[in-house]
Amino acid sequence: MIGLIVGLLLLLIVNLSFGKNSFGIKRSALMICLISVFLGTGCSADKTAILNKQLDKQISTNQKLLDKLNKAETENDTLSEKINSLDDEEKEFQSQNEKLAAKVESLEKENKILSGKNQTLTKENDSLKIAKAKIENELNYMAKESTDYQDETTDSALEDNESVSDDEVIGTDFDDSCGIKGSENGIYHVPGSTYYDRTTHVVQWFCSVEEAEEAGYRAPKR
């Protein structure tokens, strides 16, 4: 556009300057003007083409940016949905956690109650064990007393009924230095005791009380 204007201005100047008698000069000037116009028009067309290419490139770039923006908006919507879903799950987890906490608290209370009952039962069990031990001791004492009484009765009956002479004594050989008699009832009799002379069924002779007791014999009740 600028080249066209410059060419027209040159043509006007030539016509005004040389008049009618300068046809050759006018023709040369006219050619120069036409060339200028042509060059100006060509330059303008090249610039337009370049501008069009840049514009197309910018449009393409803008379209790509727009596509990226749309994609980003889509991803943002997807992320928003995921966030909402996670929020719902978090609320559900919180609700379940509260329920579990309530159950734990209830179980702890029940555990305390059961622990108290267990302690009470333990004390009662200990008391029963003590009472049982006392009863067993009493029964053992009564059984021992009964056994001792029966032994005394049996010893008395046997010793009163022993009428065998000294020649019929059985057991180990008699030793004058070891005069403690061991009867068949597991009772030893020292010389001078109540049943010493009555005891004729001698199973074993002992030289000392310790020896008789070590052999499992006991002293008479009376």
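Quick caveat, the model's predicted, so the values are computed rather than measured.

(A) The arrangement of the overall build of the protein chain in detail. In terms of helices and strands, the protein chain carries three helices and three strands. The N-to-C order of helical and strand elements in the protein chain reads α-α-β-β-β-α. The long-range fraction of contacts in the protein chain, counting pairs at least 24 apart against all pairs at least 6 apart in sequence, stands at 62%. When the accessible surface of the protein chain is totalled, it reaches about 17,600 Å², and 57% of it is carbon and sulfur.

(B) Seen up close, the sheet that holds strand 2 (residues 188-189). With antiparallel pairing, three strands are arranged side by side in an open sheet as 2-1-3. This sheet does not close on itself; its edge strands, each paired only once, are strand 2 and strand 3 (202-206).

(C) Quick look at the state of the cysteines. Under the defined criterion, the tally for this structure stands at one disulfide. A sulfur-sulfur separation of 1.5 Å characterises the disulfide bridge that pairs Cys 178 with Cys 207. Between Cys 178 and Cys 207, the S-S dihedral sits near 70°, and the bridge is therefore right-handed. Of this pair, Cys 178 sits in the loop between helix 2 (23-161) and strand 1 (180-183) while Cys 207 sits in the loop between strand 3 and helix 3 (209-214), and the two are 29 residues apart along the sequence.

(D) Seen up close, the side chain of His 189. For His 189, the position within the fold is in strand 2. What makes His 189 buried here is its relative accessible area of 1%. Within the structure, the side chain of His 189 is placed 3.4 Å from the side chain of Thr 199, a separation counted as a polar contact.

(E) Layout of the environment of Cys 178. Residue classification places Cys 178 among the buried positions, given a relative accessible area of 8%. Placed 27 residues apart in sequence, Cys 178 and Trp 205 show a C-alpha to C-alpha distance of 6.4 Å. Excluding residues within four positions of it along the chain, Cys 178 makes contact with Trp 205, Phe 206 and Cys 207.

(F) Spatial organisation of the confidence of the model for the protein chain. Averaged over all residues, the pLDDT of the protein chain is 78; the fraction at 70 or higher stands at 64%. pLDDT under 50 marks residues 161-174. Its contacts with residues more than four places away, or in other chains, come to 20 contacts.

(G) A look at the nonpolar core. Listed in full, the five residues of the largest apolar core are Ile 180, Tyr 188, Phe 206, Ala 212 and Tyr 217. Not counting residues up to four positions away in its chain, the partners in contact with Ile 180 are Tyr 188, His 189, Val 190, Pro 191, Gln 204, Trp 205, Phe 206, Cys 207, Ser 208 and Val 209.

(H) Fine view of a negative patch on the surface. On the surface, Asp 87, Asp 88, Glu 89 and Glu 90 cluster together to form a negatively charged patch. Tracing the backbone shows Glu 90 in helix 2.

(I) Up close: the side chain of Ser 183. Tracing the sequence through the fold places Ser 183 in strand 1. On the basis of relative accessible area, Ser 183 is assigned to the buried category, the value being 3%. For Ser 183, the contacting residues outside a window of four places in its chain are His 189, Thr 199, His 201, Val 203 and Tyr 217.

The rules behind each value
Residues numbered from 1 in each chain as written. Predicted model: local features only at pLDDT ≥ 70, side-chain atom pairs only at ≥ 80, totals over all residues. Heavy atoms only, no water. Helix = DSSP H or I, 4+ residues; strand = E, 2+ residues; numbered from the N terminus. Contact = heavy atoms within 4.5 Å. Areas by Shrake-Rupley, 256 points an atom, 1.4 Å probe, with all protein chains shown as cover. Pairing = 2+ DSSP bridges. Disulfide = S-S within 2.5 Å. Buried < 20%, exposed > 50% of the residue type's maximum accessible area, 1.4 Å probe, protein only. Polar contact = N/O pair within 3.5 Å; in protein donor to acceptor, adjacent residues only side chain to side chain. pLDDT = per-residue confidence, 0-100. Core = buried A, V, L, I, M, F, W, Y, C linked by side-chain atoms within 4.5 Å. Patch = residues over 30% accessible without salt bridge, like charges linked within 9 Å, V, L, I, M, F, W, Y side chains within 5 Å. Salt bridge = Lys/Arg side-chain N within 4 Å of Asp/Glu carboxyl O. Lys, Arg positive; Asp, Glu negative; His and termini not counted. Charge placed at Lys NZ, Arg CZ, Asp CG, Glu CD.

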